[in-house]
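Summary of structural features
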Amino acid sequence: MTAPRNIQTTEDVICAAQWLADRRGEAFGAVVSTVKARFGISAVEAANAIELARQMRTLRRAFA
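Attention in this report is confined to the structure presented alongside it. (Residues numbered from 1 in each chain as written. Predicted model: local features only at pLDDT ≥ 70, side-chain atom pairs only at ≥ 80, totals over all residues. Heavy atoms only, no water.)

1. Structural notes on helix α1 (residues 11–22)
Over its twelve residues, α1 extends 17 Å from the first C-alpha to the last, a length consistent with the 16 Å expected when each residue adds 1.5 Å. Along α1, the residues that are buried comprise Val13, Ala16, Ala17, Trp19, Leu20 and Ala21. Where α1 is buried, its residues meet α2 (31–39) and α3 (43–62). (Helix = DSSP H or I, 4+ residues; strand = E, 2+ residues; numbered from the N terminus. Expected span 1.5 Å × (residues − 1). Buried < 20%, exposed > 50% of the residue type's maximum accessible area, 1.4 Å probe, protein only. Contact = heavy atoms within 4.5 Å.)

Structure (structure tokens):
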């Protein structure tokens, strides 16, 4: 088992993560590029948003 990443968040990263978490069933070609363009964030921030969205989906399933 690996330790969880320390995710650096900003308001834009959180918005991007929420947007991604709400679109779980949709297919994305290039998620990082899509999130970068839509929210005006860097590649590192996009990766953080993707990880945060994964965590959000996990918590939604656990507490649904």
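2. Structural notes on the nonpolar core
Of all hydrophobic cores here, the largest spans 14 residues; its most connected members are Ala17 and Val35. When residues of this core are traced back to their parent elements, those giving at least two are α1 and α3. The element best represented in this core is α1, accounting for six residues. Apart from residues no more than four positions distant in its own chain, Val35 is found in contact with Ala16, Trp19, Leu20, Gly40, Ile41 and Ala46. (Core = buried A, V, L, I, M, F, W, Y, C linked by side-chain atoms within 4.5 Å.)

3. Things to note about the environment of Lys36
The residue Lys36 is located in helix α2 in this model. Relative accessible area serves as the criterion here: at 35%, Lys36 is assigned to the partly exposed category. Counting along the chain gives 13 residues from Lys36 to Ala49, while the straight-line C-alpha distance between them is 10.0 Å.

4. Notes on the packing of aromatic side chains
Enumeration over the complete set of coordinates arrives at one aromatic pair. Residues Trp19 and Phe39 carry aromatic rings whose centres are separated by 5.8 Å and whose planes lie at 70 degrees to one another, so their mutual orientation is edge-to-face. Of this pair, Trp19 sits in helix α1 while Phe39 sits in helix α2, placing them 20 residues apart in sequence. Taking the relative accessible area as the measure of exposure, Trp19 reaches 12% and is therefore buried. (Phe/Tyr/Trp six-rings, centres within 6.5 Å; stacked < 30°, edge-to-face > 60°.)

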